[in-house]
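Spelled out from the first residue to the last, the chains are:
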Amino acid sequence: MNILITGGTGFIGSRLTLRCLADGHSVTALGQVNTPAEEANKQFLESKGAKVRLASVTEPETLPPVLEGIDTVFHLAAAQHEANVPEEYFRNVNVTGTKNVIEASIKAGVNRFVHGSTIGVYGLALDGKIDENSSLEPDNIYGVTKLEGEKLVLSYADQIEVVAIRISETYGPGDRRLLKLFKAIQKNLFFRIGSGKNKHHLIYIDDLIDGMLAASLSDKAAGEIVLLAGKEVVTTDEMIDAIASTLDQSVGGFHVPVFPFLVVAVAMETTLSPLGIQPPIHRRRMDFFRKSFLFSLDKSSNVLGFNPKTGFTQGAQQTAQWYKENELL
């Protein structure tokens, strides 16, 4: 099968590319190289036989050549962690860029379009088990524009087979988002913010890829929204303790309130973002210490046969091993 993966030089995209190559597929990874990590991913993917094309989904003229002969598209390109760009940037990438890719896919005769959405569409969800029918109240521009992109994709369901995957917090080998947390714990620089009792329903990268590949093949998935999360739910304290144990470190049990950090985050966003400077502390970073998520896997199990296998302790060990092998930790 011929597969196109947008956001192919990113964390999830690059790991999905490697799996598809290992399964014998021809893969084109469409992405950008804005960071050393993306450059490293590009070089590694090319060494494994992927075709890497550097372009932005906001440039529609670049899409027809890479979509020629493609059977399945995994659309993962997104503006996500940027904190020093205007809101219009998120809309250009997450909405207009998505429109560019799906319309070009339809013209190219692509069979199935798997859209990478996010649990960010639920906003500040604090209580209860969340499923695909839960209320949607995104609380930042990333979540707002990802929801717009998700609705846009589903509006084309009469022209192409589409599946929208709401992806939970993802970690594992290849991830650099949690690297700062691992480093802080290893160096005894981490301290607990907030109660530590907020819940994380993370998903290990290999489990996520299993679910995404199932979404690309399942007849029952066409036209559906499916939520993918991991094997277990852990609190922030449980996450920290598991990582500390993996690194043979310990973290004190004292907690500091989250509110002062939110005040600082707002102040930094207000003063630094207009100057094009990424704030070292911003509200979305504080979400780690205050948002709580618990997801239902009923639909993903019924529609995709999805069964995540990796608990957080095992996943943290494998992630730490990858960091060490790549001299990041």
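For the structure, see preceding data.
Per chain, residue numbering runs from 1 following the sequence as it is written. Per-residue local features are limited, in this predicted model, to residues with pLDDT of at least 70; the limit for side-chain atom pairs, both in listing and counting, is 80 or more; totals at the level of whole chains, interfaces and linings are taken over all residues. Each side-chain value is derived from all of the structure's non-hydrogen atoms; neither hydrogens nor water enter the calculation.

### Details of empty space enclosed by the protein
We place a 1 Å grid over just the protein atoms. Points where a 1.4 Å probe fits but has no way out form a cavity, open points with protein on both sides within 12 Å along at least 5 of 7 lines form a pocket, and any residue with an atom within 4 Å of a point lines it. Grid points are joined across faces, edges and corners, and a volume is the space filled by probe spheres set on the points. Under the criterion given, the structure shown has one cavity of 30 Å³ or more. Roughly 50 Å³ of internal volume is contained in the largest cavity. Its residues assigned to classes, the lining of the largest cavity shows six nonpolar, two polar and two charged. Three classes are used: nonpolar for Ala, Val, Leu, Ile, Met, Phe, Trp, Tyr, Cys and Pro, charged for Asp, Glu, Lys and Arg, and polar for all others, with Gly counted as polar.

### Re the packing of helix 1 (residues 11–22) against helix 2 (residues 36–47)
Axis angles are defined between N-to-C directions and span 0 to 180 degrees, where every axis is a line fitted to C-alpha atoms and, for a helix, only to the segment in contact. Counting from the N terminus, the helices are DSSP H or I runs at least four residues long and the strands are E runs at least two residues long. Relative orientation of the contacting elements helix 1 and helix 2 amounts to 5°, with a least axis distance of 11 Å. Between helix 1 and helix 2, the angle falls in the class roughly parallel. From helix 1, Phe 11, Ser 14, Thr 17, Leu 18 and Leu 21 reach across to helix 2, where they touch Asn 41, Phe 44 and Leu 45. When grouped by side-chain class, the residues that make up the contact of helix 1 with helix 2 number five nonpolar, three polar and no charged. When describing relative orientation, an angle under 35 degrees is termed roughly parallel and one over 145 degrees roughly antiparallel, while 65 to 115 degrees is termed roughly perpendicular and anything else oblique. Residues count as neighbours in contact if any of their non-hydrogen atoms are within 4.5 Å of one another.

### Brief notes about the sheet that holds strand 2 (residues 26–31)
Two strands qualify as a pair provided that DSSP identifies no fewer than 2 bridges between them. Strand order in this open sheet of seven strands is 3-2-1-4-5-6-11, and the pairing throughout is parallel. Among the strands making up the open sheet, the edge pair consists of strand 3 (51–54) and strand 11 (224–228). Within the sheet, the average angular offset between the axes of one strand and its neighbour, ignoring direction, is 20°. Along the sheet, helix 7 (residues 205–217) contacts strand 4 (72–75), strand 5 (112–118), strand 6 (161–167) and strand 11; its crossing angle with strand 5, the most-contacted strand, is approximately 140°.

### Comments concerning the nonpolar core
Residues grouped as a nonpolar core are buried Ala, Val, Leu, Ile, Met, Phe, Trp, Tyr and Cys residues, joined through side-chain atoms within 4.5 Å. Burial classification: accessible surface area is computed with a 1.4 Å probe over protein chains only, and a residue below 20% of its type maximum counts as buried, one above 50% as exposed, and the rest as partly exposed. Formed by 63 residues in total, the largest nonpolar core has its most connected members in Leu 16, Leu 181, Ile 185, Leu 228 and Phe 312. Leaving out residues up to four positions away in the same chain, Leu 228 has contacts with Ile 165, Arg 166, Ile 167, Ser 168, Ile 203, Leu 208, Gly 211, Met 212, Ser 300, Leu 304 and Phe 306. The next biggest cluster of nonpolar side chains, apart from the first, holds 25 residues, and it includes Val 57, Ala 77, Val 93 and Ile 160.

### Here's the deal with the packing of aromatic side chains
Between the rings of Phe, Tyr and Trp (Trp by its six-membered ring), a pair exists once the centres lie within 6.5 Å; its type follows the angle of the planes, with under 30 degrees stacked, over 60 edge-to-face, and the other angles tilted. All told, the structure shown has nine aromatic pairs when counted by the stated rule. Relative to Phe 295, the ring of Tyr 122 has its centre 6.1 Å away and its plane inclined at 45°; by these criteria the two rings are tilted. Pair noted here: Tyr 122 is in the loop between strand 5 and helix 5 (141–154) and Phe 295 is in the loop between helix 10 (283–290) and helix 11 (298–304), with a separation of 173 residues, a long-range link. A single burial state applies to Tyr 122 and to Phe 295, both of which are buried. Taking 5.0 Å as the distance between ring centres and 90° as the angle between the ring planes, the aromatic pair formed by Phe 288 and Phe 289 counts as edge-to-face. A relative accessible area of 10% means that Phe 289 is categorised as buried. Each residue in the set Tyr 122, Phe 293 and Phe 295 is aromatic and connected to the rest through ring pairs, giving one cluster.

Just geometry here; none of it tells us what the structure is for.
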